[in-house]
Amino acid sequence: MLMKEEVIHIDVREAIGQKMPRYSKFIPGFLYRRIARLIRQDDLNRILDENRGKTGHDFAEGALRTLGIRLKVVGMENLPASGRYVFVSNHPLGGLDGIALISLLGKHYEGKVQCLVNDVLMAVKPLENVFLPVNKYGGQSREAMRRIDEAYAGDGQIITFPAGLCSRRNDQGEVRDLDWKKSFVVKSVETQRDIVPIYFNGLNSSFFYKFARFRKRLGIKFNIELILLPGELVKGRGTTFTINIGKPIPYSVFDKSRTAQEWADYVKQTVYGFA
């Protein structure tokens, strides 16, 4: 799917200026340059340049190609040829995993996919037509809720990462998702969509997990390590990721014998059973 030819670039100074116009002029130039290096601004702009004019799953596929990333899919036969489904995955990477699933499922379902994401990602313009924004740190707007409801009621496929945030290293040294939210179970039953469980095999850098734990020890609640995720995406260059696709779980399974949260935990256990 092509869009109007336009130059889309990431500029840290400009982005901060738009978000914090009153304070941006007091930020020294060296700090802007440091942030630009931290998020790999030049590498990200190269991805945008090489895939200019593409949107949706076409852009996602092109971004993977630019980064030299390959996908090994186990259980491809479990992908239904037709129907309406919720594709539910763990969230190990916080960026590349979403791009990979948009590419894989978008190609399989002829572009008819949408993905629930943190609303800050709406700044990624080539993917805004497949993103359904969710506000992780405040109230959800009526418009955003309407878009999500329409997507679930529509004919396209839904991709969701129920943890919301990407995986962290726990006290046992395992990299796993945080608690899964129950909303995907509620919406699955409400809109009569079967759930397809997916396990995405991948890791961010050791620095990312150490930084996240350090932030937590300091008692800072806001996940400031999110600023590292664009750089983590670029660090995945040349990697082959394995995606395990399980058999669809009928929405009728989610009956009153368990709460919606208990069913969400059940699906999470199913997903990690592929690990």
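Just so it is clear, the model here is predicted, and its values are computed rather than measured.

Draft legend 1. The arrangement of the overall build of the protein in detail. When you go through the protein residue by residue, the secondary structure sums to 10 helices and 9 strands. The C-alpha radius of gyration computed for the protein amounts to 19 Å, which stays within 12% of the reference 19 Å derived for 275 residues, consistent with globular compactness. In terms of overall dimensions, the protein has a C-alpha envelope of 60 × 45 × 40 Å along the principal axes. Sorting the 275 residues of the protein into buried and exposed places 45% on the buried side.

Draft legend 2. Structural context of a nonpolar patch on the surface. On the surface, Phe214, Leu218, Ile220, Phe222 and Ile224 cluster together to form a nonpolar patch covering roughly 460 Å² of accessible area. Tracing the backbone through its elements, the reader meets Phe222 in the loop between helix H8 (206-217) and helix H9 (229-235). Take Phe222: its relative accessible area is 45%, and that puts it in the partly exposed class.

Draft legend 3. Geometry of the confidence of the model for the protein. In the predicted model, the protein carries a mean pLDDT of 90, and the fraction of residues at 70 or more is 93%. Here residues 1-5 scores under 50 on pLDDT; set against residues more than four positions off or in separate chains, the count is 12 contacts.

Draft legend 4. Representation of the pattern of salt bridges. Per the counting criterion, the structure on display carries 14 salt bridges. With a shortest N-O distance of 3.0 Å, Glu50 and Arg46 are connected by a salt bridge. Remark: Arg46 and Glu50 occur in helix H3 (residues 41-50); sequence separation between them is 4 residues, near one turn of the helix. Its relative accessible area of 46% is what places Glu50 among the partly exposed residues. Linking Glu150 and Arg146 is a salt bridge whose minimum nitrogen-to-oxygen distance equals 2.5 Å. Of this pair, Glu150 and Arg146 both sit in helix H6 (residues 142-153), 4 residues apart, which is roughly one turn of the helix. Judged by relative accessible area, which is 36%, Arg146 ranks as partly exposed. Several salt bridges converge on common partners, so that one network encompasses Arg40, Asp43 and Arg237.

Draft legend 5. Summary view of helix H4 (residues 56-67). Here H4 spans 17 Å end to end across 12 residues, near enough to the 16 Å set by a 1.5 Å rise per residue. Burial analysis of H4 places 9 of its 12 residues in the buried class, the great majority of the element. Where H4 is concerned, the buried positions are Gly56, His57, Phe59, Ala60, Gly62, Ala63, Leu64, Thr66 and Leu67. The inward-facing, buried residues of H4 contact H3, strand E1 (70-74), helix H5 (96-108) and H9. At the exit of H4 stands Gly68, carrying a positive phi of roughly 65 degrees.

Draft legend 6. Expanded view of the packing of aromatic side chains. Scanning all chains against the criterion turns up 9 aromatic pairs. Arranged with centres 5.8 Å apart and planes meeting at 50 degrees, the rings of Phe87 and Tyr109 form a pair that is tilted. Pair noted here: Phe87 is in strand E2 (residues 85-89) and Tyr109 is in the loop between H5 and strand E3 (113-118), with a separation of 22 residues, a long-range link. Residues Phe87 and Tyr109 agree in their burial class; the two are buried. An angle of 70 degrees between the planes, with centres 5.5 Å apart, marks the rings of Phe254 and Trp263 as edge-to-face. Assigned by exposure class, Phe254 and Trp263 land together as buried. Feature note: the residues Tyr85, Phe87 and Tyr109 constitute an aromatic cluster, connected by ring pairs. Positioned above the aromatic ring of Tyr272 is the side chain of Arg176, whose terminal nitrogen or guanidinium carbon lies 4.0 Å from the ring centre. The side chain of Arg258 reaches across the aromatic face of Trp263, ending 4.6 Å from its centre.

Draft legend 7. Focus on the layout of surface pockets. In this structure, the second largest pocket encloses a volume near 340 Å³. Lining the second largest pocket we find 15 residues, and of these Arg168, Arg169, Leu178, Arg213 and Lys216 sit closest to its centre. Among the elements of the structure, strand E6 (168-169) and H8 are those that each provide at least two residues to the lining of the second largest pocket. In terms of residue count, H8 provides more of the lining of the second largest pocket than any other element does, 5 residues in total.

Draft legend 8. Spotlight on the pairing of strand E8 (residues 194-201). Of all 8 residues making up E8, 6 are buried, and the element is well covered by its neighbours. Two strands pair when backbone bridges link them, and E2 and E8 are joined in this way by 5 bridges, in the parallel orientation. Considered in E8, the bridge of Ser89 is made with Ile198. Pairing between E8 and strand E9 (residues 240-245): 4 bridges, direction antiparallel. Bridging across to E9, Phe200 finds its partner in Ile243.

Definitions and cut-offs
Residues numbered from 1 in each chain as written. Predicted model: local features only at pLDDT ≥ 70, side-chain atom pairs only at ≥ 80, totals over all residues. Heavy atoms only, no water. Helix = DSSP H or I, 4+ residues; strand = E, 2+ residues; numbered from the N terminus. Rg over C-alpha atoms; globule rule 2.2 N^0.38 Å. Buried < 20%, exposed > 50% of the residue type's maximum accessible area, 1.4 Å probe, protein only. Patch = residues over 30% accessible without salt bridge, like charges linked within 9 Å, V, L, I, M, F, W, Y side chains within 5 Å. Areas by Shrake-Rupley, 256 points an atom, 1.4 Å probe, with all protein chains shown as cover. Salt bridge = Lys/Arg side-chain N within 4 Å of Asp/Glu carboxyl O. pLDDT = per-residue confidence, 0-100. Contact = heavy atoms within 4.5 Å. Expected span 1.5 Å × (residues − 1). Phe/Tyr/Trp six-rings, centres within 6.5 Å; stacked < 30°, edge-to-face > 60°. Lys NZ or Arg CZ within 6 Å of the ring centre and 35° of its normal. 1 Å grid on protein atoms, 1.4 Å probe; cavity = no way out; pocket = protein on both sides within 12 Å on 5 of 7 lines; lining within 4 Å. Points joined across faces, edges and corners; volume = space filled by probe spheres on them. Pairing = 2+ DSSP bridges.

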